[in-house]
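Okay, here's what each chain looks like letter by letter:
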Amino acid sequence: MDKGTWTVKSGLAQMLKGGVIMDVTNADQAKIAEDAGAVAVMALERIPADIRAQGGVARMSNPKMIKEIMANVTIPVMAKCRIGHLAEAQILEFLGVDFIDESEVLTPADEKYHVDKWQFKAPFVCGCRELAEALRRIAEGAAMIRTKGEPGTGNIVEAVRHMRTVISEINQIKILGEDELVIKAKEMGVPVDLLVYIHKKGKLPVPNFAAGGIATPADASLMMQLGAESVFVGSGIFKSEDPAERATAIVMATTNYDNPDIVAKASEKLAGAMPGLEISEIPEGSIMQDRGW
Amino acid sequence: MKKRVGVLALQGDFHRHIQSLEKLQIPSKAVRWPDDLSDCDALILPGGESTTFMNLMNQTGLTEAICEFGQKKPLMGTCAGLIVLATEVVNNHIDPLGLIDLRVERNAYGRQINSFSEKIQIPSFTDQPKFEAVFIRAPKIIALGKGTEALGFYLDQVVMARNERVLAATFHPELTRDHRIHDFFYREFVERN
């Protein structure tokens with residue numbers, strides 16, 4: 001019996017495609033998310049908008065709180081560790097968390113190394129702003145990639161920038177000559193074999209999801225149309241005025257992202273979205289997407 | 001003329017099923033709404049999250065549409081798809097369609113950390129009965145009801161079963177390059193229907 005293999009890790013990422021992964025801070029919210037049709041929940045003590053507002057060092061959530069959420073839903077449960085904090089990752093794996101997010105939403109623990117994800121049986125998801133960053137995380141063993149966006153802002157612009165950048169860079173790799181790939185890999189600081197894969201297949205070798213600033217059904221539809229295979233909604237649901245309705249509507253819009261009629265109907269009944277934050281108004285030290293490299 | 005196999009495309013790894021069908025040169029179609037079933041000769045329910053499937057199926061009218069479709073046309077379900085087609089899920093609040101008489105337990109091998117792949121036995125594949133099966137947070141078949149026949153085995157567990165029109169597996173044949181189960185479904189269920 002083979003456990004924790006690449007087939008098994010990337011297999012779960014495949015099952016989460018076309019769905020919505022929602023941030024939750026307690027068992028009640030997790031239940032609301034599951035009932036609304038979430039494919040997984042992200043268990044964390046403070047959602048990104050609160051981390052941003054409160055400041056200080058953001059760490060892995062309390063294991064007790066993660067266990068309570070795991071006990072209350074049947075869908076997969078994800079949780080975040082700090083970038084490079086392999087001990088937090090070990091704890092999350094021990095708890096039986098289904099997917100570990102090595103996340104820039106938390107304060108990085110290591111300024112040089114990310115977690116060596118090949119050492120774990122649990123699959124990892126990591127954020128990226130561009131193709132080289134995505135390929136470095138995949139080289140370290142990530143089974144899923146997501147855009148970083150700018151978490152906790154309710155502002156989609158950074159996630160769009162990151163998704164557009166990744167897709168555009170993939171397109172550029174596709175048209176290179178095979179003899180150009182080695183030098184390109186050197187320039188990008190990524191393994192050649194991953195670049196050869198991109199050149200041949202025209203896509204990442206793992207699912208590519210969107211995260212960071214998604215607040216409305218239309219945001220979800222936009223990210224799916226730009227090439228995302230699923231969406232993470234962090235602060236957008238439980239910082240809104242109508243979490244249950246909004247969660248249901250974003251699920252419907254993600255499945256039917258290419259059908260404006262359905263996205264319009266899903267949006268109709270909603271009250272106010274979370275208050276948004278203009279990126280230029282964020283103090284430089286509080287930009288989360290610059291964490292990790 | 002080849003028959004067309006629909007793949008429920010609400011969420012999950014439906015694209016992998018479509019790829020398996022393409023490899024076998026079987027026409028396919030993504031199904032999201034009841035109307036999409038009108039030109040399908042069969043339907044595959046993929047892997048994914050069964051609660052998400054049921055939620056969206058109930059909102060779109062697909063629950064009734066698939067039940068009606070299943071009275072005449074063949075269906076195949078893998079993992080979450082098997083749960084949706086079963087008669088009873090012992091540890092979940094979802095109300096499955098009951099198109100194959102199976103009692104199932106969701107996430108029966110544990111969480112993702114216990115997901116695994118292993119060679120299973122499918123005796124009806126007489127030339128090569130071993131099949132590399134990928135089990136992702138997989139369900140277990142606890143009991144087979146009347147008219148349900150066991151087809152695939154892992155240890156003492158039934159992992160693939162059929163009745164007259166439904167083929168169901170607790171694992172993911174769409175995640176490997178071995179397309180014999182899709183081929184079997186097409187030949188034994190779709191073509192003969």
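The sections below set out a description of the structure shown in this document. (Residues numbered from 1 in each chain as written. Chains lettered and ligands numbered in written order. Predicted model: local features only at pLDDT ≥ 70, side-chain atom pairs only at ≥ 80, totals over all residues. Heavy atoms only, no water.)

Notes on the packing of helix α7 (residues 157-174) of chain A against helix α9 (residues 192-201) of chain A
Helix packing geometry: the angle between the two helix axes and the distance between the axes.
All names here are of chain A.
No. 1: Where α7 meets α9, the closest approach of the two axes is 8 Å, and the angle between their N-to-C directions is 85 degrees. One finds that α7 runs roughly perpendicular with respect to α9. Residues I170, I173 and K174 of α7 lie in contact with α9, whose contacting residues are L195, I198 and H199.
No. 2: Among the residues forming the contact of α7 with α9, the class breakdown is four nonpolar, one polar and one charged. (Axes fitted to C-alpha atoms, helices over the stretch in contact; angles between N-to-C directions. Helix = DSSP H or I, 4+ residues; strand = E, 2+ residues; numbered from the N terminus. Parallel < 35°, antiparallel > 145°, perpendicular 65-115°, else oblique. Contact = heavy atoms within 4.5 Å. Nonpolar A, V, L, I, M, F, W, Y, C, P; charged D, E, K, R; others polar.)

Observations concerning the environment of A49(A)
Residue and element names in this part refer to chain A.
No. 1: Its place among the elements puts A49 in helix α3 (residues 48-54).
No. 2: A C-alpha to C-alpha distance of 18 Å links A49 and A220, two positions 171 residues apart in sequence.
No. 3: In this structure A49 touches G152, S235, K239 and M274, once residues within four positions along its chain are discounted.

A short note on the packing of aromatic side chains
No. 1: Counted under the stated rule, the structure contains 13 aromatic pairs over all chains.
No. 2: Aromatic pair F120(A) and F124(A): ring centres 5.2 Å apart, planes at 70 degrees, arrangement edge-to-face.
No. 3: Judged by its relative accessible area of 6%, F120(A) is buried.
No. 4: On the numbers, 4.7 Å between centres and 15 degrees between planes, the contact of F116(B) with F135(B) is stacked. With F116(B) in strand β7 (residues 116-121) and F135(B) in strand β8 (residues 130-135), the pair connects residues that are 19 residues apart, well separated along the chain. In this pair, the class of F116(B) matches that of F135(B), namely buried. (Phe/Tyr/Trp six-rings, centres within 6.5 Å; stacked < 30°, edge-to-face > 60°. Buried < 20%, exposed > 50% of the residue type's maximum accessible area, 1.4 Å probe, protein only.)

Things to note about empty space enclosed by the protein
All names here are of chain A.
No. 1: Here the structure, examined in full by the defined rule, presents three cavities of 30 Å³ or more.
No. 2: Its volume calculated, the largest cavity comes out at about 180 Å³.
No. 3: Lining the largest cavity are 22 residues, and of these P48, P151, A211, G212 and G234 sit closest to its centre.
No. 4: At the level of secondary structure, the elements contributing two or more residues to the lining of the largest cavity comprise β9 (231-233) and α11 (235-238). (1 Å grid on protein atoms, 1.4 Å probe; cavity = no way out; pocket = protein on both sides within 12 Å on 5 of 7 lines; lining within 4 Å. Points joined across faces, edges and corners; volume = space filled by probe spheres on them.)

Topic: the interface of chain B and chain A
No. 1: Each partner contributes to the interface: chain B provides 37 residues, whereas chain A provides 41 residues.
No. 2: Of the roughly 3100 Å² buried at the junction of chain B and chain A (both faces included), carbon and sulfur atoms supply 55%.
No. 3: Considering only the side of chain B, the residues that lose the most area to chain A are R111(B), Q112(B) and I113(B), jointly responsible for 21% of the buried surface there.
No. 4: Salt-bridge contacts for D98(A) lead to R111(B); the nearest nitrogen and oxygen are separated by 2.6 Å.
No. 5: Along the contact surface separating chain B from chain A lie 22 residue pairs in polar contact (both at pLDDT 80 or more).
No. 6: Looking at the side of chain B that touches chain A, the elements that each hand over two or more residues are α2 (50-60) and β7 of chain B.
No. 7: Sort the elements by how many residues they give to the side of chain B that touches chain A and α2(B) lands first, with six residues.
No. 8: Split into classes, the residues belonging to the side of chain B that touches chain A amount to ten nonpolar, 18 polar and nine charged.
No. 9: In this structure, strand β1 (residues 2-3) of chain A lies alongside β7(B), joined through two bridges in antiparallel fashion. (Buried area = accessible area lost by both parts, 1.4 Å probe. Salt bridge = Lys/Arg side-chain N within 4 Å of Asp/Glu carboxyl O. Polar contact = N/O pair within 3.5 Å; in protein donor to acceptor, adjacent residues only side chain to side chain. Pairing = 2+ DSSP bridges.)

Section: the sheet that holds strand β5 (residues 88-89) of chain B
Residue and element names in this part refer to chain B.
No. 1: Spatially, the three strands line up as an open sheet ordered β5-β6-β9, and their pairing is mixed. The sheet is open, and its two borders are formed by β5 and β9 (140-144), each paired with just one other strand.
No. 2: Sheet topology note: the strand β6 (residues 102-105)/β9 ladder contains four bridges and is antiparallel. By the bridge assignment for β9, R103 is matched with A143.

Thoughts on the layout of surface pockets
No. 1: Of the pockets and cavities examined, the largest pocket occupies roughly 1500 Å³.
No. 2: As for the largest pocket, its lining consists of 46 residues, and the residues nearest its centre are Q14(A), K17(A), K203(A), R16(B) and Q19(B).
No. 3: With seven residues, the top contributor of residues to the lining of the largest pocket is helix α1 (residues 14-23) of chain B.
No. 4: Split into classes, the residues belonging to the lining of the largest pocket amount to 18 nonpolar, 17 polar and eleven charged.
No. 5: Reported here for the second largest pocket is a volume of approximately 220 Å³.
No. 6: Lining of the second largest pocket is provided by E245(A), T248(A), A249(A), M252(A), I262(A), K265(A), A266(A), K269(A), L270(A), W33(B) and Q59(B).
No. 7: Breaking the lining of the second largest pocket down by element, the ones donating at least two residues are α12 (243-255) and α13 (260-268) of chain A.
No. 8: At four residues, α12(A) tops the list of elements feeding residues into the lining of the second largest pocket.
No. 9: Considered class by class, the residues forming the lining of the second largest pocket number six nonpolar, two polar and three charged.

What to know about the nonpolar core
No. 1: The biggest cluster of nonpolar side chains holds 86 residues, and the ones touching the most others in it are M223(A), M57(B) and I66(B).
No. 2: If near-sequence neighbours (up to four positions away) are discounted, M223(A) is found in contact with I156(A), A159(A), V160(A), M163(A), A210(A), I214(A), A228(A) and V231(A).
No. 3: Counting 32 residues, the second largest nonpolar core, distinct from the first, contains I26(B), F116(B), I122(B) and F185(B). (Core = buried A, V, L, I, M, F, W, Y, C linked by side-chain atoms within 4.5 Å.)

Comments concerning the pattern of salt bridges
All names here are of chain A.
No. 1: Under the defined criterion, the tally for this structure stands at 33 salt bridges over all chains.
No. 2: Its salt-bridge partner being E150, residue R52 comes within 2.7 Å of it at the nearest N-O pair. With a gap of 98 residues between them, R52 in helix α3 and E150 in the loop between β7 (144-147) and α7 connect regions that are remote in the sequence. An identical accessibility class is assigned to R52 and E150; each is buried.
No. 3: Taken together, the shared-partner salt bridges in this structure form one network comprising K80, D101, E104 and R146.

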